[in-house]
Amino acid sequence: MYTRIGIRAKLLEVLRPLLFLSRGRWLLFFALLMPLPAFLISMNIGTYPVSGLELAEIILSRLMGHDLRLPTVYDTVVFNIRLPRILLAMMVGAALSISGATLQGIFRNPLVSPFILGLSSGAAFGAALAMSVFPWMPLQIGAFAFSLLAVGSAYLMARSKGEVAVISLVLAGVVVSSVFGALLAIVQFAVDARSLQSIVYWNMGTLSTASWSKVEIAAPWVLAGCLMLIALRWRLNVLALGEEEARSVGMNLERYKFVFIVTATLVASAVVAVAGIIGLVGLIVPHMVRMVFGPDHRILIPLSVTVGASFLVLVDDVARAAFSFEVPVGIITTLLGAPVFIYLLRKTRSGGWE
Amino acid sequence: MIGRESIRIDEVSMTYGSSKILDSVSLSIGKGSVVTMVGPNGCGKTTLLKIINNLLKPDKGRVLVEGMEVNSMPSHRLARIMGYVPQGHRISFPFKVRDVVITGRMPYISAFSSPKREDLERTEQALSLVGISGLADQPYTQISGGERQLVMIARAMVQQPSVLLLDEPTSYLDFKNQISTLKMIKEISRNRGVTVVMTLHDPNHALMFSDEIVLLRKLNGSREENVIAFGSPNETMTPQNIQAAYGMEVEILDVRGRKLLLPV
C-alpha cells in the first residue's frame, strides 16, 4: 500500500535514471528509438503525405471497421504502397547493417561488407537465372538459394583440417565472386534485351517493387537472425581480439565462426533476395555507430539494427522523392558509402589486414 | 611453496612440415613454481607453450594439467585452469582496456549471456592487480606495447587460472619495464600459488626470476634431445649447457651473490 507521497517517490525513483542520463546515454536512447521518427517522416513523404495523426486514424478505421474521413485513396496508399515499402526498407537496412557489423567482427576488419564471401554475385546469378532461363523459379528463391550456395562454397573452399582461416575466406570469396560474375555474364550475353534490362535493374538494388509478400518472405529470416546475433553479441568482442586470443579463453572458435557466418549470411541473403543488391549499407552504418559509440559489440550490434533501419528508410525517401523520377536506392547508398570506405581505408593504413 | 605436480608433459613430439621441432619432450612442473623456457630461436619453446595450452596439437605425446589431459578437456574447463598471454598482441578495433580484459571471463559466461556485475568486479580487481586501473577507459590501440602486455596479463588473471603461460612477456618492453613485469609475474605466482610457465630470450632474466629453467636446443636432425637441462637456475645455466644451446661461449660472473652470464 503506497501513500500518495510513496507513489510519487517510487515514480521518481523509476524516472531518475531517465532524467539524469549522461550525454552518452541520451545518444544511446536516441539511436535505439530512431526508427520511430524515421518511420513517421517517411510516411509523410510522397504524393499523398500522411501525418502521424492521419496514420493513426487510417489504421484505427481499418481495425475498428468504421468509415474513414479522409479520401479512401489514403487507405490504399498507406496499406498497399507506403507501409510495405517502409517496412521493407527498414528490414533491408537493419539486415545489411547487422550482417556487416558481425562479419567485420569476425574478420577483425572494418572494411568487410556482407558481400565479401560472394553473396551478392551468387544472388545476382540466381536472380538472372530465374528471370530468364528458369521462369518457373520464383526470383526470390533463385537469388536466395544461389547466394547461400556462393557463401557456402567459399566457406568450404577455405576450410582445411577443420579450420577456416580468415584470409583464406577472403580469397575464396574473391574467387567465388568472380566465378558467379562470369556465370552471370553468360546469362546476360545469352538472353534477349528485355530480360537483360530487368537483370541489370535488379542488380542496382531497389525498393520500388516492395510488397507485403516481399516483407513476409524476408521477415522471419531477418527477425530470427537479428535475435540470434543480438543474443551472441558479446562473443564477437572475444572473437574480434584475435583467434588465438579467443581460443585461449576457452572459445570454441570454429563453431562460433560457423554460427556467425551462417546467421549473417542468411539475414543478408533474405533481404538481397527481395531488394536486390544495395551496396555499402553494411559498411556505412556500423562505421557510423562505431564513431559515436565505440567498437563494443554489445552496443554496436543492436544499434546496427536500429540505425540501419532508420538509415535505409531515410535514404529511400530521397530515392523516391528527391527527383522527378525514382532512383534505385542501391546507387545512392553506394555513392554515399564510397567516401566512408576511402576514409576507413586511409585511417586503418594497411586496410586493417595484418 | 612448491608442492605437487601441476603440469606433466609426456613424450611430446611436434613436426612442422619436414622439420622436427620437438622430439619426445617430457617435463614435470611443480605447483606454484615459476618455470622459464630458454633456448635459441626455433628451439620450440613457443610451440611447447602452445601445446600446453592446447592451442596446438602435438603429433605425439600428451599434456596433463592437474591430472587431466588438455586435449580431452572441454575448452571452457581448460580456460578456467590456464591463462595464456600471447606475444606482442595487436587488434584492429579500439576496444577499451576494460572491454579487452573482461573477455577473459569467457569461460564463466554461458553462450547467450554477457558479463555480469561479478565479472566486472573481477575485471577491476585484475586491472588493479597489474597496476593499470587508470587505463581502464583508454582505447587498447592507443596504449604502449608494455601497457598492452599488462592488459593481456590482467585478461589472463580474470580467468582465475592456477596456471599462467606467457610467451616472451618482456619482448616489447624497455629495460625497466622488463624487470618490473617479471617481478610482478613472480609476485603473482608467490601470492596466489599460480604456476607460471614462460619463455624468455634473455638467460639473465631467467636466472633472476625462475625457480626452474628448461634449457632447450634446436634440433638439427641429430639424435640429441631437445632438453639440455631442466632444474634450478644454478644447475642449468652452466657455460657447457649454454654452449650446447646457443653454440656460444659465456662466462659466469658472481656479482653480489648473484650469477650473471657474460658473453665472451
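S.K.: How should I be thinking about the overall build of chain B in this particular structure?
M.R.: Of regular secondary structure, chain B possesses nine helices and 12 strands. By the compact-globule yardstick of 18 Å for 264 residues, chain B fits well, its C-alpha radius of gyration being 19 Å. With respect to the principal axes defined by its C-alpha atoms, chain B has extents near 55 × 45 × 35 Å. In chain B, which comprises 264 residues, the proportion classed as buried is 53%. Pairs at least 24 residues apart make up 66% of the contacts formed inside chain B by residues separated by at least 6 positions. With the model as given, the accessible surface of chain B reaches about 11,700 Å², and the carbon-plus-sulfur share is 47%.

S.K.: Just checking my understanding: could you explain the overall build of chain A for this structure?
M.R.: Regarding its fold elements, chain A presents 16 helices and two strands. Seen through its principal axes, chain A has C-alpha atoms that stretch 70 × 55 × 35 Å. Looking at chain A as a whole, 53% of its 354 residues are labelled buried. Long-range pairs, those at least 24 residues apart, make up 74% of the contacts in chain A with a sequence separation of at least 6.

S.K.: Sorry if this is basic, but what is going on with the interface of chain A and chain B here?
M.R.: When the parts of a complex come together, some accessible area is lost, and that lost area is often used as the size of the interface. Listed as interface residues are 31 residues of chain A and, on the opposing side, 35 residues of chain B. Regarding the contact of chain A and chain B, the summed buried area is about 2,700 Å², with carbon and sulfur atoms giving 61% of it. Looking at the side of chain A facing chain B, the largest losses of area belong to A:Trp234, A:Leu241 and A:Val249, adding up to 26% of the total buried there. Remark: the boundary between chain A and chain B carries two salt bridges. For A:Glu244, the salt bridge goes to B:Lys50, with nearest N and O atoms at 3.2 Å. Within the residue set of the side of chain A that touches chain B, elements represented by two or more residues are helix H5 (72-107), helix H10 (212-231), helix H11 (233-240), helix H12 (243-248) and helix H15 (297-321) of chain A. Across the side of chain A that touches chain B, the residue classes tally to 13 nonpolar, nine polar and nine charged.

S.K.: What am I meant to see in the sheet that holds strand E2 (residues 19-30) of chain B here?
M.R.: Within a sheet, adjacent strands bond to each other through the backbone by hydrogen bonds, running parallel or antiparallel. Residues and elements named next belong to chain B. The antiparallel open sheet is built from four strands, whose spatial order is E2-E1-E4-E5. Two strands in the sheet have a free side with no partner beyond their single neighbour: E2 and strand E5 (68-69). As paired elements, strand E1 (residues 5-16) and E2 share eight bridges and run antiparallel to each other. The residue bridging arginine 8 from the neighbouring strand is serine 28, located in E2. Its contacts with the sheet put helix H1 (residues 45-52) on E1, E2 and strand E4 (60-65), and the angle it makes with E1 is roughly 120°.

S.K.: Explain the packing of aromatic side chains to me, please; I cannot follow it from the model alone.
M.R.: The description of an aromatic ring pair rests on the distance of the ring centres and on the angle between the ring planes. On inspection of all chains with the given rule, the structure shows nine aromatic pairs over all chains. Ring geometry for A:Phe125 and A:Phe146: centres 5.2 Å apart, planes at 85°, overall edge-to-face. Placement of the pair is A:Phe125 in helix H6 (residues 119-131) and A:Phe146 in helix H7 (residues 139-158), with a sequence separation of 21 residues. For A:Phe125, a relative accessible area of 9% puts it in the buried group. Its end group placed over the ring of B:Tyr108, B:Arg105 keeps NZ or CZ at 4.3 Å from the ring centre. Sitting over the ring of B:Tyr140, B:Arg148 keeps its end group 5.8 Å from the ring centre.

S.K.: Looking at this structure, I do not really get the pattern of salt bridges. What am I missing?
M.R.: A side chain of one charge can pair with a side chain of the opposite charge if their charged atoms are brought near each other. Residue and element names in this part refer to chain A. Overall, the coordinates contain 23 salt bridges over all chains when judged by the stated rule. For glutamate 57, the salt bridge identified is with arginine 69, shortest N-O distance 3.2 Å. On the criterion of sequence distance, the pair formed by glutamate 57 in helix H4 (residues 52-64) and arginine 69 in the loop between H4 and H5 is long-range, its members being 12 residues apart. Residues lysine 257 and glutamate 254 are paired through a salt bridge, measuring 3.4 Å at the closest nitrogen-oxygen approach. With lysine 257 and glutamate 254 both in helix H13 (residues 253-275) and three residues apart, the pair spans about one turn of that helix.

S.K.: Just to check I follow, could you spell out the nonpolar core for this structure?
M.R.: One broad trend across soluble globular proteins is that nonpolar side chains are buried collectively. One finds A:Val92, A:Leu96, A:Phe107, A:Leu207 and A:Ile278 to be the most contacted residues of the largest nonpolar core, which totals 115 residues. Considering each element in turn, this core owes the most residues, 18 residues, to H5(A). In terms of nonpolar packing, the next biggest core, distinct from the first, is built from 47 residues, B:Phe93, B:Leu166, B:Met198 and B:Phe209 among them.

S.K.: Can you walk me through the sheet that holds strand E9 (residues 212-216) of chain B in this structure?
M.R.: Residue and element names in this part refer to chain B. Taken in spatial order, the six strands of this open sheet run E6-E7-E8-E3-E9-E10, and their pairing is mixed. A strand with exactly one partner marks an edge of an open sheet, and here the two such strands are strand E6 (82-85) and strand E10 (227-231). Each neighbouring strand pair of the sheet contributes to a mean axis angle of 10°, computed without reference to strand direction. The pairing of strand E3 (residues 34-38) with E9 spans four bridges and is parallel. In the sheet register, valine 38 faces E9, and the bridge partner there is leucine 215.

S.K.: Just to check I follow, could you spell out the packing of H6(A) against helix H8 (residues 166-190) of chain A for this structure?
M.R.: The relative placement of two packed helices is expressed as an angle between their axes plus a distance between the axes. All names here are of chain A. Running from amino to carboxyl end, H6 crosses H8 at an angle of 20°, the nearest separation of the two axes being 8 Å. By the criterion of interaxial angle, the relationship of H6 to H8 is roughly parallel. Of the two possible hands of crossing, H6 and H8 adopt the one that is left-handed. On H8, the residues touching Ser121, Gly122, Ala124, Phe125, Ala128 and Leu129 of H6 are Ser177, Phe180, Gly181, Leu183, Leu184 and Val187. When grouped by side-chain class, the residues that make up the contact of H6 with H8 number eight nonpolar, four polar and no charged.

S.K.: Before we go on, may I ask you to explain helix H16 (residues 329-347) of chain A in this structure?
M.R.: Turn by turn, an α-helix covers 3.6 residues, leaving residues three or four places apart pointing in a common direction. Here H16(A) contains 19 residues, and its C-alpha end-to-end distance of 27 Å stays within 8% of the 27 Å for a straight helix at 1.5 Å per residue. Turning to H16(A), its buried residues number three or more, namely A:Val329, A:Gly330, A:Ile332, A:Thr333, A:Gly337, A:Val340 and A:Leu344.

Rules used throughout
- Residues numbered from 1 in each chain as written.
- Chains lettered and ligands numbered in written order.
- Predicted model: local features only at pLDDT ≥ 70, side-chain atom pairs only at ≥ 80, totals over all residues.
- Heavy atoms only, no water.
- Helix = DSSP H or I, 4+ residues; strand = E, 2+ residues; numbered from the N terminus.
- Rg over C-alpha atoms; globule rule 2.2 N^0.38 Å.
- Buried < 20%, exposed > 50% of the residue type's maximum accessible area, 1.4 Å probe, protein only.
- Contact = heavy atoms within 4.5 Å.
- Areas by Shrake-Rupley, 256 points an atom, 1.4 Å probe, with all protein chains shown as cover.
- Buried area = accessible area lost by both parts, 1.4 Å probe.
- Salt bridge = Lys/Arg side-chain N within 4 Å of Asp/Glu carboxyl O.
- Nonpolar A, V, L, I, M, F, W, Y, C, P; charged D, E, K, R; others polar.
- Pairing = 2+ DSSP bridges.
- Axes fitted to C-alpha atoms, helices over the stretch in contact; angles between N-to-C directions.
- Phe/Tyr/Trp six-rings, centres within 6.5 Å; stacked < 30°, edge-to-face > 60°.
- Lys NZ or Arg CZ within 6 Å of the ring centre and 35° of its normal.
- Core = buried A, V, L, I, M, F, W, Y, C linked by side-chain atoms within 4.5 Å.
- Parallel < 35°, antiparallel > 145°, perpendicular 65-115°, else oblique.
- Left-handed = near helix turned anticlockwise from the far one by under 90°.
- Expected span 1.5 Å × (residues − 1).

Purely geometric stuff here, so don't read any function into it on its own.
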